[in-house]
Amino acid sequence: MSQGKIISNEFKLISNWIQPDSRVLDLGCGDGELLNYLIKTHNVNGYGMELDPDKTTQALGNGINVIQTDLNSYDLTYYFDEDSFDYVIMTQALQVVSRPDELLEEMLSIGKNCIITFPNFGHWRNRAQLMFGGTMPETETLPYHWFDTPNIHMCTFKDFEKLCDDKHIKVVARTVVNSEHESSLGMRIAPNLLGEVALYQIRKK
Amino acid sequence: MSITNPTVTHYLAVNQPLQLTSGATLPEYELAYETYGQLNEDKSNAILICHALSGDQHVAGIDADGKKGWWDGYIGPGKVIDTDKFFVVCSNNLGGCRGSTGPTSINPQSGKVYGPDFPIVTCKDWVQSQNLLREHFDVEQWAALIGGSMGGMQVLQWAIDFPDKVRHAIVIAAAPKLSAQNIAFNEVARRAIMSDPDFHDGRFIEHDTTPKRGLTLARMLGHLTYLSDDMMGVKFGRELREGKLQYNYEVEFQVESYLRYQGEKFATKQNFDANTYLLMTKALDYFDPAADFEHDLSKALAQATAKFLVVSFTSDWRFSPQRSHEIVKALLDNDADVSYAEVKSEHGHDAFLLPNPHYEGVFRNYMERVHRDTLAVEAQK
């Protein structure tokens, strides 16, 4: 499956959770495609935030409002008041920030709902590579070597849900899919073993 | 449309008095300006460029003296501010010395040169006077207001004072007001000029002289704040002119030579007026749009309806990225359409005038958006 198709699958899954005309913040918005998609399909408005200069430039090219910033040095609460957004979205970036737990708290403070997607380190292939190969996993969803990976805080679905529980975060909805963002019966029965990517919708309790 | 060289300065004569922020009145005045490109039929493609402290109306193209415009790298056919698409206007600020009425002009009441009697004008006054330029071109709304440094502040003032006249506001390397340190640098520059024996209380033109030494010092100091420590280290380091220490007070280090050259060029060759320099630094010191809104920048920018692009440069310590963050934050407080880029550069405050791929990419892509919005306005009409 093409990268474009996978992305559009993810966009569709996310957009299923978004009410029309909402106010949205996309953290790590990249070239702004998701936000653009949501603007077109759901008439949302809001901002993207991005650290990378080239991606910021591309996002500007896509016509979205983008703020170039390093979320490791600026708190989201510096920029935005409580409940400023209907949705704060962060796709595939939780594992690259320096303190995912703190960022989650900030997201939940400024957003009424948060949508988060991240790769599952507990997927059976990752477990198998470590168990039988004795090496750090390299897969389609985690295509890096241990020494050059930007993914410094990998977790499993179970880990994430435990963090939510500890922090009194309510998991509103969860969708578990494979690397092509398609779901199956197996993934619904044993998500932490068979799911590769999860989409979570969370909010303050 | 290519720029017709040599570029020509035009003058807008205004015969109605301008009520200034200070309480004084300017009975009549002229604004010197240049234009590039063509105003479209529905007049939706006009852009106004605001210049920085020592800038002027000659922003692009080559003038009769063979001098390139101060932002020529960014304005022209196919360039970031594309004169094939936009009609670009730049005027010399009131109080300037490049053609607009200022301290070197004749005071109609006395028949003599204004000199120090020229009233102090503020950023707000500049905006008021430039609004007549907008009316002169019969432009309902500028497609964009663009400025760097002091020019960026003027763009902010425009967006606050005439919200419906500004579609896009591009604020580069600016600040919402000067810091104590910024004001302190300005004050030292002013003292340098005013303590020059040739200053004659500002009436140096009548004495047929100019306070060259003071102006040179002021410019050297100013120039220092435009560069970054890193860049000076790379460019000059501790390099010596003669190769070895001379143990005297002549120019020994290359950096000294460079600064003196810049200062002297400004005071002599470019013949910048010392009273204008004093006035511009004062206008900068006074700039504080939040002051009219309970010192709350968010409330001040609540007036604005323009879409914003804010740009800062990492090594700029005169108006650091932190200062741009303040602007962005105030705009976000108002749910405004705003984008922000923090460009990596070692060139300090000067970076906004220099080539830089990230800066150009950001600027160009945003100008595409300005263009799309211009076409949309055109389609509506």
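Residues numbered from 1 in each chain as written. Chains lettered and ligands numbered in written order. Predicted model: local features only at pLDDT ≥ 70, side-chain atom pairs only at ≥ 80, totals over all residues. Heavy atoms only, no water.

Brief notes about the overall build of chain B
Within chain B, the secondary structure is distributed over 10 helices and 12 strands. Here chain B has a C-alpha radius of gyration of 21 Å; the compact-globule value for 381 residues is 21 Å, and the two agree. For the C-alpha atoms alone, the extent of chain B along its principal axes is close to 70 × 50 × 45 Å. Residues counted as buried form 58% of the 381 residues belonging to chain B. Put simply, 71% of the contacts in chain B that link residues at least 6 apart link residues at least 24 apart. Accessible surface, chain B as shown: approximately 15800 Å² in total, 50% of it carbon and sulfur. Of the charged side chains in chain B, 36 are positive and 50 negative, and the gap between their average positions amounts to 2 Å. (Helix = DSSP H or I, 4+ residues; strand = E, 2+ residues; numbered from the N terminus. Rg over C-alpha atoms; globule rule 2.2 N^0.38 Å. Buried < 20%, exposed > 50% of the residue type's maximum accessible area, 1.4 Å probe, protein only. Contact = heavy atoms within 4.5 Å. Areas by Shrake-Rupley, 256 points an atom, 1.4 Å probe, with all protein chains shown as cover. Lys, Arg positive; Asp, Glu negative; His and termini not counted. Charge placed at Lys NZ, Arg CZ, Asp CG, Glu CD.)

Focus: the interface of chain A and chain B
Contact with chain A, which involves 20 residues of that partner, is made by 23 residues of chain B. Along the contact surface separating chain A from chain B lie one salt bridge. A salt bridge links Arg23 of chain A to Asp335 of chain B, with the shortest nitrogen-to-oxygen separation between them at 3.4 Å. Counting every contact that joins chain A to chain B gives 15 residue pairs in polar contact (both at pLDDT 80 or more). Elements represented by at least two residues in the side of chain A that touches chain B include exactly helix H3 (53-61), strand S3 (66-68) and helix H4 (76-79) of chain A. No other element matches the six residues that H3 of chain A contributes to the side of chain A that touches chain B. A breakdown of the residues in the side of chain A that touches chain B according to their chemical character gives 10 nonpolar, eight polar and two charged. (Salt bridge = Lys/Arg side-chain N within 4 Å of Asp/Glu carboxyl O. Polar contact = N/O pair within 3.5 Å; in protein donor to acceptor, adjacent residues only side chain to side chain. Nonpolar A, V, L, I, M, F, W, Y, C, P; charged D, E, K, R; others polar.)

Topic: the pairing of strand S7 (residues 197-204) of chain A
Residues and elements named next belong to chain A. Counting buried positions over the eight residues of S7 gives six, a clear majority of the element. The pairing of strand S5 (residues 111-119) with S7 spans six bridges and is antiparallel. Looking at S7, one finds that Ile115 is bridged to Gln201. (Pairing = 2+ DSSP bridges.)

Quick look at the packing of helix H1 (residues 123-136) of chain B against helix H2 (residues 150-161) of chain B
Residues and elements named next belong to chain B. Contact geometry for H1 and H2: axes closest at 9 Å, N-to-C directions at 70°. Considering their axes alone, H1 and H2 lie roughly perpendicular with respect to each other. Residue-level inspection shows Cys123, Lys124, Trp126, Val127, Gln130, Asn131 and Arg134 of H1 in contact with H2, the latter providing Met150, Met153, Gln154, Gln157, Trp158 and Asp161. When its residues are assigned to classes, the contact of H1 with H2 shows six nonpolar, four polar and three charged. (Axes fitted to C-alpha atoms, helices over the stretch in contact; angles between N-to-C directions. Parallel < 35°, antiparallel > 145°, perpendicular 65-115°, else oblique.)

Let's talk about the pattern of salt bridges
Residues and elements named next belong to chain B. One pass over the structure, following the stated rule, counts 28 salt bridges over all chains. Two residues, Arg98 and Asp56, come together in a salt bridge whose shortest N-O distance is 3.7 Å. Here Arg98, found in the loop between strand S8 (87-91) and H1, pairs with Asp56, found in the loop between strand S5 (46-50) and strand S6 (75-76); they are 42 residues apart in sequence, far enough to count as distant. Between Lys124 and Asp292 there is a salt bridge, and its shortest N-O distance comes to 2.5 Å. One end of the pair, Lys124, is in helix H1; the other, Asp292, is in the loop between helix H7 (274-286) and helix H8 (297-301), with 168 residues separating them in the sequence.

Topic: the confidence of the model for chain A
Summing up the model confidence of chain A, the mean pLDDT is 90 and the portion of residues at 70 or higher is 97%. Confidence, read as mean pLDDT per element, is least for helix H1 (residues 3-15) of chain A in chain A (78) and greatest for S3 of chain A (98). (pLDDT = per-residue confidence, 0-100.)

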